[in-house]
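# Architecture at a glance
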Amino acid sequence: MAPTSAHSSQPGTLTGIGVGPGDPDLLTLKALKYLQSADVVAFPQGRNGQPGLAQRIIAPHLGRQQLLPLNFPYVLDQRQLSHAWQQAGDRIWQLLSQGQNVVFACEGDLSFYGTFNYLALDLERRYPAARIQRVPGICSPMAAVSALGLPLTVQSDKLVVLPALYTFADLESALSWADVVVLLKVGSVYAQVWALLKQRQLLEQSWVIVNATQPNQAIYRPLTPYPDLDLPYFSLMVIRSGVNPLP
């Protein structure tokens, strides 16, 4: 879709772009085109006044665009989250209704647990005239296995991704039938997961990747000597529990 002039009587377009896992060079050419032609660039506001990951990723590519940090609280309370999405949607619709094009930078890929989804769905529901489009990006599991130098799946591997581990029954069930299990946000439950993997003799076939593709990336492989890792938020684990051999 061609850029809309900020002085047009037509509403602008909201374009969600997946900006990848951390390395600014992993931004797609299509995402870069929309980013650099936008009137306004929105992104989730970081914690404690610091730039968030999406903002840090796009920073090298920004020019004179208006920047719009949006507050999305790090909570599970649905009422607070809904209020934040509505506030963000109202601010973006105000810009769109003035004919401005807005790009929303979302870390990783939009469709892979991306914040943009909640914003876009709320905006579409409350402002049916809003024009919204999406540009995919590279999600963290793909970046993590590339850092490991391994494929995510081979042959007939069955893959499970658990976005957060609330009960260990979920992991035990996944390990019973999946060949590859990816655990996101593994830091808060790492010690318990390590103990389960030891019990199942899977430590040699499990890896942890921290801050994949970023300058402070760290890899722990195999996990046998690491029962007590203190992991940050952007940490994930890959467990190969199946029988298909790697090439």
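Refer to the preceding data block for the structure.
Summary of the structure given here. This is a predicted model, so every value here is computed, not measured.

## Here we look at helix H3 (residues 78-97)
Helical geometry note: an α-helix holds 3.6 residues per turn, so side chains three or four residues apart project in the same direction. Look at H3: 28 Å from first C-alpha to last across 20 residues, which is about the 28 Å you get at 1.5 Å a residue. Those residues of H3 that fall on the buried side of the exposure criterion are Leu81, Ala84, Trp85, Ala88, Gly89, Ile92, Trp93, Leu95 and Leu96. Looking down the long axis of H3, one finds its buried residues gathered within 165° of arc, a one-sided arrangement. Buried positions along H3 lie against strand S1 (13-18), strand S2 (40-44), strand S3 (66-70), strand S4 (102-106) and helix H4 (115-126). Phi for Gly99, located one or two positions after H3, is positive at around 90°.

## Focus on the pattern of salt bridges
Per the counting criterion, the structure on display carries 5 salt bridges. When the shortest N-O distance is used, the salt bridge between Arg125 and Asp122 registers 2.8 Å. Of this pair, Arg125 and Asp122 both sit in helix H4, separated by 3 residues, roughly a single helical turn. Arg125 sits in the exposed class, given a relative accessible area of 56%. Of the charged contacts, one joins Asp179 and Lys158 as a salt bridge, the two residues approaching to 3.4 Å between their closest N and O atoms. Placement of Asp179 in the loop between helix H6 (168-177) and strand S7 (180-184) and of Lys158 in the loop between helix H5 (140-148) and strand S6 (159-162) is noted, with a sequence separation of 21 residues between them. Look at Asp179 and you get buried, because its relative accessible area is 9%.

Quick notes on the rules
- Residues numbered from 1 in each chain as written.
- Predicted model: local features only at pLDDT ≥ 70, side-chain atom pairs only at ≥ 80, totals over all residues.
- Heavy atoms only, no water.
- Helix = DSSP H or I, 4+ residues; strand = E, 2+ residues; numbered from the N terminus.
- Expected span 1.5 Å × (residues − 1).
- Buried < 20%, exposed > 50% of the residue type's maximum accessible area, 1.4 Å probe, protein only.
- Arc of directions from axis to C-beta.
- Contact = heavy atoms within 4.5 Å.
- Salt bridge = Lys/Arg side-chain N within 4 Å of Asp/Glu carboxyl O.

Read these as geometric descriptors, not functional statements.
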